[in-house]
Amino acid sequence: MEQPYKLGLLTAALLLQLLLPANASTAYSNNEKNLLTGHSTPMESSLAFQFFDLASQQAAVANSTGIQLARSSEPRSTYDDALCDRDVARIRDAIHNMEEWALEFPDTWGRLPVGFFWGHLISMGQYEECVAATATYGSELNGQYCLARLNITQFYSKVKRRHEEFSRISYKQTDPEIFELGVCVPSTCSAEKTDALLKYAIAHLYGNDVIDLSFPMIQQKWCKYNAPVEFRGVDIFAIVFFSLIIFFLLASSVYDFVQTRKGAPKRPLFLAFSVLHNAPKIFTVKKVNNPNVIHCLNGLRCFSMMWVVFGHGYMTFYDLPHINRNKYYTWLQTPYSMLVQNGSLCVDTFFFMSGLLMCWGAFREMDRTKGKLNIPMMYFHRYIRLTPVVAVVVLYIMSLYRYSGAGPMWFKLGTQDQRCADTWWATLLYVQNYAFPYSICVSQSWYLAVDTQLYFLSPLFLIPLYKWGKKALIPIGIFGILCLGCTVATFLHNDFTLFRVQDDHVDLRQRLTYYPTHTRIPTWLIGVIFGYFLFTRNRGRQIPLARHWVITGWVLAFGTMLADMWGPFWRILPDTPDSPLIEGALFEPLSRSSWALAIGWIVWACYNGHGGLINDFLSWSFFTGFSRLCYCMYVIHRIVQLVNAARLQTDTHFSDYDAILRWWHDFGITLTLSIFATLAFEAPILGIEKAIFGRSDAKPAPKKPAAVESEKTAPIIEQSADIAPATNGAEQVPEVEPIASRAEDPSKA
C-alpha cells in the first residue's frame, strides 16, 4: 500500500510545480507579507490574482489525491464543486492569456485596507462588474459576488497602539474584529467551496497567524449572482395591486374631468381616487375664522417631522462604509450631536399634541351629543384611516422591496423584508411594540402602536373628565405619576445609563422604556389635561397676560427645552465622571414631561396672541399644506432611508455636512412619495368613507367666550383638517400621529 501512496504524493508534487507560475511561487514562499498592511495592487502579486492560481492548484492536488477540502451542501442546483473547479481553472488560464473577460474577475475584488486604523473595515470592490462578468465555453461562465468576513483579531492583537491618539469615548470604541472584503468567483461555486478556497489562498500567501481560519468567511446569504427573476405570489399580487391603484387614479380623474366639462353632477364614490379632486385639498390653503383651529400646531408638527427624518437619517448614516468611521466617537462629544442623541424628544411633542387633540375633538363631539361617544365607530374609523398606508408599506416591504437594490451594503442593510416575514400581522394590529419589540416590521411604526393603544384607552380618561371636570384631574394625575415612577424603577432595576450610547443593552432599554405604552402615558396625559383647560376655559377667546409674565413664560419654556436637550451634555465628555444611575433614571421620564409642558406654553401663548413672530412663523400657511403630508412621510421615510443606504456601492465620509446632504436627499424623495401616497391611498379612503357613511360637513357652533374686557378673537388663518374633528359620533377625535392624520375629510380644509 505504501508504493501507490508515495507515487500519489510524487504526482501531486509534480502537478504543483507545473501549475504554479513563477510569480505565484514567489508569493507562495513570501510569508512575511502581511495581509492587512502589505501593498496590494491589481497586478499579479495581489490576493485577487493569486486566488485563482492557488485555487486551481488546490483543485488539482485534491483531485489527484482524492481529498476534498469542502463539499457543497447548498440546496441550489446551480452550485457544483466540479464545475466550480473547472471554471476557476478557465479563469486562471484566461488571466495568464490577458483576456479581458477573465481580468474582470480579480479586477472586481476589494483591495486590502485603506484607512483601516480609522475604522474603515470594508473594501467592497466592484459589485456590478462582478455580477456582469461572463464568458462562453459552450456554457455560460458567470461571476458571483460575495462579501467575505475575515476575522482579524489575531492581527490586531499584535498592533502596538498609541493610547493617547486623541480624546474619544473609549467605552464604545472597541478593537475591530471583522474586516469585510468583496470577492468575485464563478457562479458555480457554493459558499462553502468559496470559503475553503479563500482560506487556502490566504494561508499560503500570508500564513496562519493573521486571519482566524476557523471562522467562516463566506456565507450564502452574502453572495449574489445574476439569476432569472422568479416572482413569488406576493410579488405578483403587489404588482397587480399597484397597477390597479394607478388605473383607479387615472379613471377617477378622467371621470372628474369629463363631468366637470359637461357640468353634470358627480357621484362621490367615483371621485374618491380623482387627483383633480383630491390634490387641491392638500395644496390649497383657505383663510377661515374658526376658534376650533390651533394653527401653530401645524408648524410644530412639520418641524417635528423634519427632526424625525433627521434623527433617523443619522442612525442610518452611521452604518455606511465611512473611510473615517472612528470620527463617530469624537462626534458624540460635540454639542451638535445632542440634536440626535436627545432627538427622541420630538416624539414627546407628538404625544402631547395627540393628547391635546384627542381631548379637544372628543369634547366637541360630546358637546354635540350631550356627553355620549359612539366608541365602536370611533375605533372603526380610526383603524380604517391609519391602516391603508401602513398596509401598503408592509406589502411593499414583503414583495417589491427585495428588487429595489443590490450590492454589498444591501446584504447588511436591505434586510427589512426578513423582519416583516413573521411580524407583519402585529404591525397591522398595532401591537408590535409588545409582540415583537426586537423585530418591528416597519421600525418607526412603534409610535403608531402606542398612539393607537392610547386612543383605545382614551374613553377611560375623556368621559370622566367631561362629566366631572376638575374632580377627575386628581386620579388622572396620580395615574400619570405612577407611570413616571414605573419608568424610574425600570431604569434603576436594569442599570440603564443616562445616554443610550453608554448602554450595553440598548435593545432591552428600548423594549422596556421606549416602546411600551405606559412609559408614554405621562406626556400624553399632559396633552389631555392641557386640552381640557384650553377647550373649557380658553376656546374662542384670548386670555390677556401682562407683558412681564409673557416674557417669563417664554424664558422658562425655552430654558426648559434647552436643559432637556443640552443639560446632560457635560456628562458625555471623556474627562467627566460617569453619572449615577439615579440621574439617568430621573432625567429620562422627567425630561419628556418637562418638554411637553414647554410645548404646552408655546401652544397656549400662540393661541392667545402672545406668540408674536413665533406664532406668525408656526402658523404660516405653508405648514398647513405640508402638515397634510406628514402622516405618509412618517410611515414612508424610514424605508426610503434604508433603500438609499443599502444601494451604496462606494465608500463614504462621515461628517455633519455629508449627513445633512443625505438628509435633504432622503427628505426630498420621501416628500415626493408622500404626495403620491396621500393621493393614492389616504385621500381616497377619506372619500370612500364619506361616500359610504354620509358624514355631514356641518360644524358645531363655536363656544361663546366669556365676557372679557380686552378679549378678542383668536387669530385664525385657516381651518386645519388635522385639528378640527369631524361632526358625528364616529369622528370625534382627530388623528394624532407624528404627522397629519385627518380628523375629518380634507374637503373641509
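Residues numbered from 1 in each chain as written. Predicted model: local features only at pLDDT ≥ 70, side-chain atom pairs only at ≥ 80, totals over all residues. Heavy atoms only, no water.

Under an unreviewed UniProt entry, the name given to the protein chain is Nose resistant to fluoxetine protein 6, and the organism recorded is Drosophila arizonae.

Q: Which parts of the structure should I look at to understand the environment of W604?
A: Looking at where W604 falls in the secondary structure, it is placed in helix α25 (residues 581–607). Overall, the relative accessible area of 18% leaves W604 in the buried class. Residues W604 and C296, 308 residues apart in the sequence, show an inter-C-alpha distance of 9.6 Å. Non-local contacts of W604, meaning those with residues more than four positions away in its chain, are made with F530, L534, N538, I543, L545 and H610. (Helix = DSSP H or I, 4+ residues; strand = E, 2+ residues; numbered from the N terminus. Buried < 20%, exposed > 50% of the residue type's maximum accessible area, 1.4 Å probe, protein only. Contact = heavy atoms within 4.5 Å.)

Q: Just checking my understanding: could you explain helix α21 (residues 473–494) for this structure?
A: One turn of the α-helix equals 3.6 residues, which is why residues spaced by three or four share an orientation. Taking 1.5 Å of rise per residue, the 22 residues of α21 would be expected to cover 32 Å, and the 32 Å separating its terminal C-alpha atoms lies within 8% of that figure. Restricting attention to buried positions, one finds in α21 the residues L473, I476, G480, C483, L484, T487, V488, T490 and F491. The arc enclosing the buried residues of α21, seen along the axis, measures out at 155 degrees, which places them on a common side. Those residues of α21 that are exposed and angled more than 90 degrees off the buried face are I474, I481, L482 and H493. Check the buried side of α21 and you find it contacts α20 (459–468), α22 (506–514), α23 (521–538) and α25. In the segment just after α21, D495 is the residue with positive phi, at about 60 degrees. (Expected span 1.5 Å × (residues − 1). Arc of directions from axis to C-beta.)

Q: Whenever I open this one, the state of the cysteines confuses me. Can you help?
A: By definition, a disulfide links the sulfur atoms of two cysteine residues through a covalent bond. As enumerated under the stated definition, the model contains 4 disulfides in all. One disulfide bridge connects C84 with C189, the sulfur atoms lying 1.9 Å from each other. Judged by the sign of its S-S torsion, about 90 degrees, the bond between C84 and C189 is right-handed. One end of the pair, C84, is in helix α4 (residues 81–96); the other, C189, is in the loop between β4 (178–186) and α8 (191–206), and 105 residues separate them in sequence. Two residues, C130 and C184, share a disulfide whose sulfurs are 2.2 Å apart. Because the sign of the S-S torsion sets the handedness, a value of about 95 degrees for the bond joining C130 and C184 places this disulfide among the right-handed ones. Of this pair, C130 sits in helix α6 (residues 127–132) while C184 sits in strand β4, and the two are 54 residues apart along the sequence. Since its relative accessible area comes to 0%, C130 is described here as buried. Residue class for C184 comes out buried when judged on its relative accessible area of 0%. Along the protein chain, the cysteines that take part in disulfide bonds pair up as 1-5, 2-4, 3-6, 7-8, counted in sequence order. As a non-bridged cysteine, C632 has C630 as the owner of its nearest cysteine sulfur, 9.9 Å distant. (Disulfide = S-S within 2.5 Å.)

Q: Quick question: what am I supposed to make of the confidence of the model for the protein chain here?
A: When pLDDT drops low, the exact placement of atoms in the prediction is not to be read closely. Across the protein chain, pLDDT averages 83, with 83% of residues at or above 70. Contacts for the low-pLDDT stretch residues 69–76, under 50 throughout, to residues beyond four places or in other chains number 21 contacts. Ignoring residues within four places in sequence, the model shows residues 696–749, a span with pLDDT below 50, making 214 contacts including any to other chains. (pLDDT = per-residue confidence, 0-100.)

Q: How should I be thinking about the side chain of T108 in this particular structure?
A: For T108, the position within the fold is in the loop between α5 (100–107) and β1 (122–123). Overall, T108 belongs to the buried group, its relative accessible area being 0%. Among all residues touching T108, those that are not within four sequence positions of it are G125, Q126, E129, C130 and C184.

Q: Could you clarify how one ought to interpret the pattern of salt bridges in this entry?
A: Side-chain pairing between opposite charges can occur once the charged atoms of the two side chains come close. Under the definition given, this model contains 17 salt bridges. The closest approach of N and O atoms between K199 and D195, which form a salt bridge, is 3.1 Å. One end of the pair, K199, and the other, D195, are both in helix α8, 4 residues apart, so they sit about a helical turn from each other. With relative accessibility at 16%, the residue K199 sits in the buried group. (Salt bridge = Lys/Arg side-chain N within 4 Å of Asp/Glu carboxyl O.)

Q: What exactly am I supposed to notice about a nonpolar patch on the surface here?
A: Taken together, the side chains of V229, F231, I236, I239, V240, L244, F247, F248 and Y403 define a hydrophobic patch exposed on the protein surface, amounting to about 820 Å² of accessible area. Mapped onto the elements of the fold, V229 is located in the loop between β5 (223–225) and α9 (233–262). Here V229 falls in the exposed class, since its relative accessible area comes to 52%. (Patch = residues over 30% accessible without salt bridge, like charges linked within 9 Å, V, L, I, M, F, W, Y side chains within 5 Å. Areas by Shrake-Rupley, 256 points an atom, 1.4 Å probe, with all protein chains shown as cover.)

Q: For this particular structure, what's the right way to read the pairing of strand β3 (residues 140–151)?
A: Regular strands have side chains that alternate between both faces of the sheet. Within β3, 9 of the 12 residues are buried, which leaves the element mostly enclosed by the surrounding structure. In this sheet, β3 lies alongside strand β2 (residues 134–136) in antiparallel orientation, the contact comprising 3 bridges. From the neighbouring strand, A135 faces β3, where its bridge partner is L141. Pairing of β3 with β4 involves 9 bridges; the strand directions are antiparallel. The residue of β4 that forms the bridge with L147 is G182. Sheet topology note: the β3/β5 ladder contains 3 bridges and is antiparallel. Each bridged residue has a counterpart across the sheet, and for C146 the counterpart in β5 is C223. (Pairing = 2+ DSSP bridges.)

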